[in-house]
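# Examining the three-dimensional arrangement
Residues per chain are reported as follows:
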Amino acid sequence: MTRLRTDGERYNQVARLLHWLMAALVTGNILGGLLNDSLKDTINLIPLHKSIGLTVLVLTIARIAWRFTWQAPPYPPAMEAWQIMAARGVQAAFYGLMLAMPLTGWVMASAGKYPLTWFGLFDVPKLAVARDSALYLTSRQGHEVLGYLFAALVAVHVAAALRHHLILKDRVLERML
Ligand code: HEM
Ligand code: HEM
């Protein structure tokens with residue numbers, strides 16, 4: 001199959017749409033997850049957090065399928081091989097985390113007593129997980145540790161994008177706008 005560079009020097013439209021939509025959903029969920037402890041007496045963010053996270057899972061599967069059909073636009077010639085590898089490494093980790101976070105969350109929520117719904121519109125099936133099982137405990141720990149890793153990598157990713165745009169003044173960020 002030929003892999004198209006669909007939009008010349010930019011990421012194609014679907015890739016850009018999915019990137020920014022999912023960047024907003026993921027950032028919201030990282031913040032919501034981290035702030036939940038301090039805000040829980042004021043507002044219960046968890047039902048919204050779960051619905052957004054399940055949305056991320058579905059969108060990630062679609063996004064990965066779509067990713068196989070095209071090639072990213074070229075980098076500026078001045079970029080060194082290690083920088084390209086670092087960028088691609090972080091991005092590959094993002095795809096993994098965009099699957100691992102919702103899946104560990106789903107396992108965790110399945111063992112809880114609250115019903116699991118998608119924005120209150122329909123029930124999402126609960127997986128067969130007991131609260132004292134190794135799967136539950138690993139997922140809970142994984143959700144927390146990977147959540148922090150995700151936040152750190154987002155900071156690196158955003159800093160790199162801003163460095164390209166504001167300091168190096170090349171077209172790396174514009175390719176995603
Ligand atoms: C992109 C997807 C997601 C991200 C980035 C994310 C991120 C986080 C973070 C950073 C925390 C705080 C760390 C912790 O206490 O574990 C958290 C907590 C939590 N997440 Fe997620 N999450 C996602 C998806 C989900 C999903 C799909 C569910 C369930 C269906 C879920 C359920 C929970 C629950 C119940 C907590 C509170 C854990 C506790 O404090 O007891 N998350 N999440
Ligand atoms: C949670 C937030 C974010 C996530 C999960 C995320 C995820 C990703 C992923 C997976 C890619 C690779 C696309 C591909 O080739 O398949 C990517 C590329 C890119 N992202 Fe993000 N992103 C986030 C936020 C941002 C923000 C806030 C900016 C800008 C300030 C940004 C700028 C870029 C740029 C410029 C690229 C293209 C980089 C390249 O070609 O190497 N991203 N992002």
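Residues numbered from 1 in each chain as written. Chains lettered and ligands numbered in written order. Predicted model: local features only at pLDDT ≥ 70, side-chain atom pairs only at ≥ 80, totals over all residues. Heavy atoms only, no water.

## Regarding the overall build of the protein chain
For the record, the criterion: Strands are runs of DSSP state E lasting at least two residues, helices are runs of H or I lasting at least four, and both sets are numbered from the N terminus onward. Under the scheme applied here, a residue whose accessible area is under 20% of the maximum for its type counts as buried, over 50% as exposed, and between as partly exposed, the area being computed with a 1.4 Å probe on protein chains only.
A tally of helices and strands in the protein chain yields four helices and two strands. Mapped in sequence order, the helices and strands of the protein chain form the string α-α-α-β-β-α. In terms of overall dimensions, the protein chain has C-alpha extents of about 55 × 40 × 30 Å along its principal axes. Within the protein chain, the proportion of its 177 residues that are buried is 36%.

## Overview of unusual backbone geometry
At F119, a position not held by glycine, the phi torsion is positive, near 50°. On the secondary structure map, F119 appears in the loop between strand 1 (117-118) and strand 2 (122-123). By relative accessible area, F119 is classed as partly exposed at 40%. With a phi angle near 50°, K169 is a residue other than glycine that sits in the positive phi range.

## Focus on the site of ligand 1
Selection rule: By convention in these notes, a residue is near a molecule or strand provided one of its non-hydrogen atoms lies within 4 Å of it. N or O atoms closer than or at 3.5 Å make up a polar contact, with two conditions inside protein: a donor-capable atom paired with an acceptor-capable one, and, for residues adjacent in sequence, both atoms drawn from side chains. For this classification, the nonpolar set comprises Ala, Val, Leu, Ile, Met, Phe, Trp, Tyr, Cys and Pro, the charged set comprises Asp, Glu, Lys and Arg, and every other residue, Gly included, is treated as polar.
Close to ligand 1 lie 19 residues, the nearest being G33, H49, G105, R140 and H143. Between ligand 1 and the protein, one listed contact pairs a nitrogen atom with a side-chain N or O atom of H49 at 2.8 Å. Contacts to ligand 1 include H143, whose side-chain N or O atom sits 2.8 Å from a nitrogen atom. Those elements that provide at least two residues to the shell around ligand 1 are helix 1 (13-39), helix 2 (46-67), helix 3 (81-111) and helix 4 (134-168). Taken together, the residues of the shell around ligand 1 sort by class into ten nonpolar, six polar and three charged.

## Points about the packing of helix 3 against helix 4
We count it as follows: An axis is simply a line fitted to the C-alpha atoms; with a helix, the fit covers only the stretch in contact. Between two such axes, the angle follows the N-to-C directions and lies from 0 to 180 degrees. Every angle not falling under 35 degrees, over 145, or within 65 to 115 is termed oblique; those three ranges are roughly parallel, roughly antiparallel and roughly perpendicular. Two helices crossing with the near one rotated counterclockwise from the far one by less than a right angle form a left-handed crossing, whereas a clockwise rotation gives a right-handed crossing.
It is at 8 Å that the axes of helix 3 and helix 4 come closest, and there the two elements cross at 150°. It follows that helix 3 is roughly antiparallel to helix 4 by the angle criterion. The handedness of the crossing between helix 3 and helix 4 comes out as left-handed. Classifying every residue of the contact of helix 3 with helix 4 gives 17 nonpolar, eight polar and two charged.

## Describing helix 1
So the rule is basically this: In a helix, the anticipated span is given by 1.5 Å times the number of residues less one. Note on bend: at a given residue it equals the angle between the axes fitted to the 7 residues ending there and to the 7 starting there. Contact criterion: two residues are considered in contact whenever any of their non-hydrogen atoms come within 4.5 Å of each other.
Look at helix 1: 37 Å from first C-alpha to last across 27 residues, which is about the 39 Å you get at 1.5 Å a residue. At G33, helix 1 shows its maximal kink, close to 30°. Contact partners of the buried residues in helix 1: helix 2, helix 3 and helix 4. Two or three places before V14, at the start of helix 1, stands the capping residue N12, its side-chain oxygen 3.3 Å from that residue's backbone nitrogen.

## Side note on the packing of aromatic side chains
Rules: When the centres of two rings from Phe, Tyr and Trp lie within 6.5 Å, Trp using its six-membered ring, the rings pair. Their planes under 30 degrees apart give stacked, over 60 give edge-to-face, and anything left gives tilted.
Tallied over the full model, the rule gives four aromatic pairs. Plain terms: the ring middles of Y11 and W70 are 5.7 Å apart, the flat faces sit at 85° to each other, and that makes the pair edge-to-face. One end of the pair, Y11, is in the segment before helix 1; the other, W70, is in the loop between helix 2 and helix 3, with 59 residues separating them in the sequence. Each member of the pair, Y11 as well as W70, is classed as buried.

## Some points on helix 2
Over its 22 residues, helix 2 extends 30 Å from the first C-alpha to the last, a length consistent with the 32 Å expected when each residue adds 1.5 Å. Buried within helix 2 are the following residues: H49, S51, I52, G53, L54, T55, V56, L57, L59, T60 and R63.

## Let's talk about the coordination of the iron atom of ligand 2
How we decide: The donor definition counts N, O and S atoms within 2.8 Å of each metal and applies 3.2 Å to Na, K and Ca; water is not among these atoms, so some sites may look incomplete. Every geometry call rests on angle ranges, with four donors termed tetrahedral when all angles are between 85 and 135 degrees, four termed square planar and six termed octahedral when opposite donors are over 155 degrees apart and all others are between 65 and 115, and everything else termed irregular.
On the protein side, the iron atom of ligand 2 has H19 (NE2) and H157 (NE2) as donor atoms, found 2.0 Å from it. Considering all six donor atoms around the iron atom of ligand 2, the spread of angles at the metal, 88 to 179°, places the coordination shape in the octahedral class. Here H19, found in helix 1, pairs with H157, found in helix 4; they are 138 residues apart in sequence, far enough to count as distant. Assessed through its relative accessible area of 26%, H157 is described here as partly exposed.

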